[in-house]
Amino acid sequence: MKSINVKLDVALIKESNFYIAYAPALELTAYGKSIKEAKKNFEEVVAIFFEEVTSNDKLFDVLLELGWTLKKLPEPKFTPPHVKRRLSQRVNPPNSRLIGTSSQQVSIPVL
């Protein structure tokens, strides 16, 4: 299966005794007892997400609904929405702290 690599902005958040990895471009979250564990769990969540939406033939619909753009020619290219500025606004529950953001590369399967 062919895939397209895309870089996502991922927020790293400290909340109580856990670290949270959150990608607003996909509305996906994972957590762990360490940053490394949160990132590893996030990779698994992303893989499950893409497996699910591709098996239901909903990939394009879901990404477009989340604000992504798709350029079909000459080669398919997905572009996630710009969300870095919105991260600090969205990540502000009590007892949590935004540690920072990182870019994480994900592979989007293309049929």
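Scroll up to find the structure.
A brief structural summary. Only a predicted model underlies this, so the values are computations on that prediction, with no experimental measurement involved. (Residues numbered from 1 in each chain as written. Predicted model: local features only at pLDDT ≥ 70, side-chain atom pairs only at ≥ 80, totals over all residues. Heavy atoms only, no water.)

### Points about the pairing of strand 1 (residues 2-15)
Selection rule: Pairing between strands requires that DSSP locate at least two bridges from one strand to the other. Each helix is a run of H or I in the DSSP string that is no shorter than four residues. Each strand is a run of E no shorter than two, and both are numbered from the N terminus.
Where strand 1 and strand 6 (residues 96-110) come together, 14 bridges link them in antiparallel fashion. By the bridge assignment for strand 6, glutamate 15 is matched with serine 96. Pairing of strand 1 with strand 2 (residues 18-23) involves five bridges; the strand directions are antiparallel. Across the sheet, residue alanine 11 finds its bridge partner in strand 2, namely tyrosine 22. What sits between strand 1 and strand 2 in their antiparallel hairpin is a turn of two residues, with serine 16 showing a positive phi close to 55 degrees.

### Details of the pattern of salt bridges
Rules: By convention in these notes, a salt bridge is any Lys or Arg side-chain nitrogen within 4 Å of a carboxyl oxygen on Asp or Glu. Think of it in three bands: with a 1.4 Å probe and only protein chains considered, a residue is buried below 20% of the maximum accessible area for its type, exposed above 50%, and partly exposed in between.
This model, assessed by the stated rule, comprises one salt bridge. Among the salt bridges present, the one from lysine 40 reaches glutamate 44, with a minimum N-O distance of 3.3 Å. In this pair, lysine 40 and glutamate 44 both sit in helix 1 (residues 35-55), four residues apart, roughly one turn of the helix. A residue is classified by how much of its surface remains accessible, and lysine 40, at 49% relative accessible area, is partly exposed. Residue glutamate 44 is classed as partly exposed on the basis of its relative accessible area of 42%.

### Some words on the sheet that holds strand 2
Strand pairing in a sheet takes place through backbone hydrogen bonds and is either antiparallel or parallel in direction. For the record, the criterion: Helix axes are fitted to C-alpha atoms over the stretch in contact, other axes to C-alpha atoms as well, and angles between N-to-C directions run from 0 to 180 degrees. Contact definition: two residues touch when any of their heavy atoms are within 4.5 Å.
As summarised here, the arrangement of the four strands in space is 3-2-1-6, forming an open sheet in which the pairing is antiparallel. Single-partner strands in this sheet number two, and they are strand 3 (28-32) and strand 6. Direction aside, neighbouring strands of the sheet carry axes that sit 25 degrees apart on average. Of the strands in this sheet, strand 1, strand 2, strand 3 and strand 6 touch helix 1, which is tilted by about 145 degrees from strand 3.

### Considerations on helix 1
Operational definition: A helix is expected to reach a length of 1.5 Å times the quantity of its residues less one.
Over its 21 residues, helix 1 runs 30 Å from end to end, which matches the ideal 30 Å to within 8%, given 1.5 Å per residue. The inward-facing, buried residues of helix 1 contact strand 1, strand 2, strand 3, helix 2 (59-65) and strand 6. Following helix 1 by one or two positions, aspartate 57 has its phi on the positive side, about 55 degrees.

### A few points about unusual backbone geometry
The bulk of non-glycine residues show a negative phi, and the bulk of peptide bonds are trans. Unlike most non-glycine residues, serine 16 shows phi in positive territory, near 55 degrees. Looking at the secondary structure, you find serine 16 in the loop between strand 1 and strand 2. For serine 16, a relative accessible area of 53% translates into the label exposed. Within the chain, aspartate 57 stands out as a residue other than glycine whose phi angle is a positive 55 degrees. Along the chain, aspartate 57 turns up in the loop between helix 1 and helix 2.

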